[in-house]
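So you can see what is in the structure, the chains are spelled out below.
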Amino acid sequence: SLCSVPRWGKQDIYYIFWNNWKKRFWESNPDYFMTRDGKRVSECYPLHIPCFTNPEVVRRTAADIIEDLNKNPSKTTVKLFCDAPIYQCQCERCKASPERKYAGRDTASCEEFYGFQKRVADIVHQSHPGVYFLTQTKGDSYFRPPRLASLGGLFTVSVLTWQHSAKVSDLEFAVETAKAWKAAGVRTTIFSYPRYDD
């Protein structure tokens, strides 16, 4: 609000998989999409994510971002994913992934969520080494720093507070979460969107 958001905290590219990917790839590449109850889906959240373990999804995402950066060299910061909870892909590859061992069923999907983003960032950084990545936490869907992937200093995590309260006591979880991310070497910001009633 004071016009002082640093480059690493302000998105230039907002890359989400909702709608756009379905229009582009649903017919040609159904394997790009998550599997639920034995079928591929691309729906409203929490069923809006791609298959995180499909290497072509990683490459396609990175290629789209690189194309945008090449067209717009003044852009410095990429935000991946919208602010929404996710459910897990149930394909055999995802179920067998090392990340899944650290996750509960459809909760605490931190390893998968952030591991995917790190793989995308690693490709983007080959041609654009200084580009920042911006992501966010979301309740118990993905809030912990990953154990298997080190995001590093080019990532910023926006920590979501309890949205419906301005009480300081309700912010303690967000503060502790931000400290954990800082200890993992990742920049943090804290954000919320309290309602008028709050």
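Residues numbered from 1 in each chain as written. Predicted model: local features only at pLDDT ≥ 70, side-chain atom pairs only at ≥ 80, totals over all residues. Heavy atoms only, no water.

## Here's the deal with the overall build of the protein chain
Applicable threshold: Helix and strand definitions follow DSSP, with helices as H or I runs of at least four residues and strands as E runs of at least two, each counted in order from the N terminus. For the exposure calls, accessible area comes from a 1.4 Å probe over protein chains only, and a residue counts as buried if that area is under 20% of its type's maximum, exposed if over 50%, partly exposed in between. Should any heavy atoms of two residues lie within 4.5 Å, those residues are considered in contact. A 1.4 Å probe and the Shrake-Rupley method give the accessible areas. Residues count as covered only by the protein chains that appear here. Positive: Lys, Arg. Negative: Asp, Glu. His and the chain ends are not part of the count. Taken as the charge centre is NZ of Lys, CZ of Arg, CG of Asp or CD of Glu, depending on the residue.
Scanning the protein chain from N- to C-terminus turns up 5 helices and 7 strands. Counted from the first residue to the last, the protein chain has its helices and strands arranged as β-α-β-β-α-β-α-α-β-β-α-β. Taking the principal axes of the C-alpha coordinates as reference, the protein chain spans close to 50 × 40 × 35 Å. Relative to its 198 residues, the protein chain shows a buried fraction of 46%. Put simply, 70% of the contacts in the protein chain that link residues at least 6 apart link residues at least 24 apart. Surface summary for the protein chain: the accessible area is close to 10,400 Å², and the carbon and sulfur share equals 53%. Separation between the mean location of the 28 positive side-chain charges and that of the 22 negative ones in the protein chain comes to 3 Å.

## Some words on the pattern of salt bridges
Two side chains carrying opposite charge are able to pair once their charged atoms lie near each other. This is how it is decided: For this analysis, a salt bridge means a side-chain nitrogen from Lys or Arg found within 4 Å of a carboxyl oxygen belonging to Asp or Glu.
All chains considered together, the criterion is met by 14 salt bridges. In this structure, the salt-bridge partner of Arg 7 is Asp 12, at a minimum N-O distance of 2.6 Å. Looking at Asp 12, the relative accessible area reads 25%, which means it is partly exposed. Asp 106 is paired through a salt bridge with Arg 105; the nearest N and O atoms lie 3.5 Å apart. Three or more residues are tied together by salt bridges with common partners; here these are Arg 24, Arg 60 and Asp 64.

## Describing the packing of aromatic side chains
Threshold: Only rings of Phe, Tyr and Trp enter the pairing, Trp through its six-membered ring, and a pair is recorded when the two centres are within 6.5 Å. The plane angle decides the type: under 30 degrees is stacked, over 60 is edge-to-face, the rest tilted.
Applying the stated criterion to the full structure yields 19 aromatic pairs. When the centroid spacing of 4.9 Å and the interplanar angle of 70° are considered together, the rings of Trp 21 and Phe 25 count as edge-to-face. Within this pair, Trp 21 and its partner Phe 25 are both found in helix α1 (residues 20-25), separated by 4 residues, close to a single helical turn. Just as Trp 21 is buried, Phe 25 falls in that class too.

## Here's the deal with the packing of helix α2 (residues 55-71) against helix α4 (residues 110-127)
Test applied: For helices, the fitted axis covers only the stretch in contact; all axes are lines through C-alpha atoms, and the angles between them, taken along N-to-C directions, range from 0 to 180 degrees. Working definition: roughly parallel below 35 degrees, roughly antiparallel above 145 degrees, roughly perpendicular at 65 to 115 degrees, and oblique for all remaining angles. Rotating anticlockwise by less than a right angle from the far helix to the near helix defines a left-handed crossing, while the corresponding clockwise rotation defines a right-handed one. In this count, Pro and Cys sit with the nonpolar residues alongside Ala, Val, Leu, Ile, Met, Phe, Trp and Tyr, while Asp, Glu, Lys and Arg are called charged and the others, Gly among them, polar.
Taken N-terminus to C-terminus, the directions of α2 and α4 make an angle of 45°; their axes are 9 Å apart at the nearest point. Taken together, the axes of α2 and α4 are oblique relative to one another. As for how α2 packs across α4, the hand of that crossing is right-handed. Touching Val 57, Val 58, Arg 59, Thr 61, Ala 62, Ile 65, Ile 66 and Leu 69 of α2 are Phe 116, Arg 119, Val 120, Ile 123, Val 124 and Ser 127, all from α4. Class assignment of the residues belonging to the contact of α2 with α4 gives a composition of 10 nonpolar, 2 polar and 2 charged.

## Considerations on the confidence of the model for the protein chain
To be explicit about the condition: Every residue gets a pLDDT, meaning the predictor's confidence in that residue, from 0 to 100.
Taken residue by residue, the protein chain gives an average pLDDT of 92. The fraction at 70 or more is 94%. Put simply, strand β7 (residues 187-191) is where the protein chain has its lowest mean pLDDT, 89, and α2 is where it has its highest, 98.

## Here's the deal with the state of the cysteines
Keep this limit in mind: Put simply, a disulfide is two cysteine sulfurs that come within 2.5 Å.
Under the definition given, this model contains 0 disulfides. Unpaired in terms of disulfides, Cys 94 finds its nearest cysteine sulfur in Cys 91, a separation of 3.6 Å. According to the relative accessible area criterion, Cys 94 is buried, its value standing at 1%.

## A word on the side chain of Lys 138
Put simply, the rule is: For the purposes of these results, a polar contact is taken to be a pair of N or O atoms within 3.5 Å, where, inside protein, one atom must be able to donate a hydrogen and its partner to accept one; residues adjacent in sequence count only when each atom of the pair is a side-chain atom.
With respect to the helices and strands, Lys 138 occurs in the loop between β5 (132-136) and β6 (155-160). The buried category is assigned to Lys 138, whose relative accessible area is 12%. Only 3.1 Å separates the side chain of Lys 138 from the side chain of Asp 83, close enough to count as a polar contact.

## A few points about the pairing of β6
Rule in force here: A pair of strands is treated as paired once DSSP finds two or more bridges between them.
The buried count for β6 comes to 6 of 6 residues, which makes it a mostly enclosed element. As paired strands, β5 and β6 are joined by 4 bridges and run parallel to one another. Note that in β6 the partner of Thr 135 across the bridge is Val 157. Relative to β7, β6 runs parallel, the two sharing 5 bridges. Across the sheet, Val 159 pairs through a bridge with Ile 190, a residue of β7.

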